[in-house]
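Chain by chain, the residues run as shown.
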Amino acid sequence: MAKSPITCHVLDSSTGKPAEGIFIRLQQFEPAKEPGGLDAFRPLAKGYTNADGRCVDLLPPRGSELATEEKTDPVAGQIYKLVFKTKEYFERTNRQTFYPWVEITFTIDNPEEHYHVPLLISPYSFTTYRGS
């Protein structure tokens, strides 16, 4: 089965287990249209981590009948952001957290490549890196 061109994986480093059920929103950067205007991020897709802590279906795979150039094909030089709603996950596991969500902003260099964004979370810290 083909995967989304942008995927992610969330692990709870305080338990050593995948973080299931985290809501994720993928957004695309839109610069201000006029000088002095506000930059913004436009919602592009949403999803949830599965039992393995992965979200592999944010966007339809390239070339699939569900893919449309406007919505799914990453653009070279474009800035994207993944927003992970971690507070709800920690509340479900009866823990408090300092970070109600985690935002990871990144640039697509080569739209033909697969972009995988792993996130390691705990109630009081997080880290990320460019995965493969």
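Residues numbered from 1 in each chain as written. Predicted model: local features only at pLDDT ≥ 70, side-chain atom pairs only at ≥ 80, totals over all residues. Heavy atoms only, no water.

## Topic: the pattern of salt bridges
Should their charged atoms come close, side chains of opposite charge can pair.
Turning to step 1, where the next piece is worked out: All chains considered together, the criterion is met by six salt bridges.
Turning to step 2, where the next piece is worked out: Arg95 is paired through a salt bridge with Asp12; the nearest N and O atoms lie 2.6 Å apart. Placement of Arg95 in the loop between helix H2 (86-92) and strand S7 (102-107) and of Asp12 in strand S1 (residues 6-12) is noted, with a sequence separation of 83 residues between them.
Turning to step 3, where the next piece is worked out: Using a relative accessible area of 0% as the deciding quantity, one classes Asp12 as buried.
Turning to step 4, where the next piece is worked out: Across the pair Arg42 and Glu30 runs a salt bridge, and its minimum N-O distance is 2.7 Å. One end of the pair, Arg42, is in strand S4 (residues 40-48); the other, Glu30, is in strand S3 (residues 23-30), and 12 residues separate them in sequence. (Salt bridge = Lys/Arg side-chain N within 4 Å of Asp/Glu carboxyl O. Helix = DSSP H or I, 4+ residues; strand = E, 2+ residues; numbered from the N terminus. Buried < 20%, exposed > 50% of the residue type's maximum accessible area, 1.4 Å probe, protein only.)

## Looking at the pairing of strand S9 (residues 125-128)
Turning to step 1, where the next piece is worked out: As defined by bridge partners, strand S8 (residues 115-122) adjoins S9 across four bridges and the pair is classed as antiparallel. Bridge pairing in S9 places Leu120 opposite Thr127. (Pairing = 2+ DSSP bridges.)

## Let's talk about the sheet that holds S7
Turning to step 1, where the next piece is worked out: Reading across the sheet, the four strands line up as S4-S3-S6-S7 and stay open at both edges, with antiparallel pairing between neighbours. With one partner strand each, in any of the chains shown, S4 and S7 form the two edges of the open sheet. Between one strand axis and the next, the sheet turns by 25° as a mean value, whatever way the strands run.
Turning to step 2, where the next piece is worked out: Taken together, the six bridges between strand S6 (residues 79-85) and S7 define a ladder with antiparallel strand orientation. Considered in S7, the bridge of Lys81 is made with Thr105. (Axes fitted to C-alpha atoms, helices over the stretch in contact; angles between N-to-C directions.)

In short, the description is geometric, and any link to function would need to be established separately.
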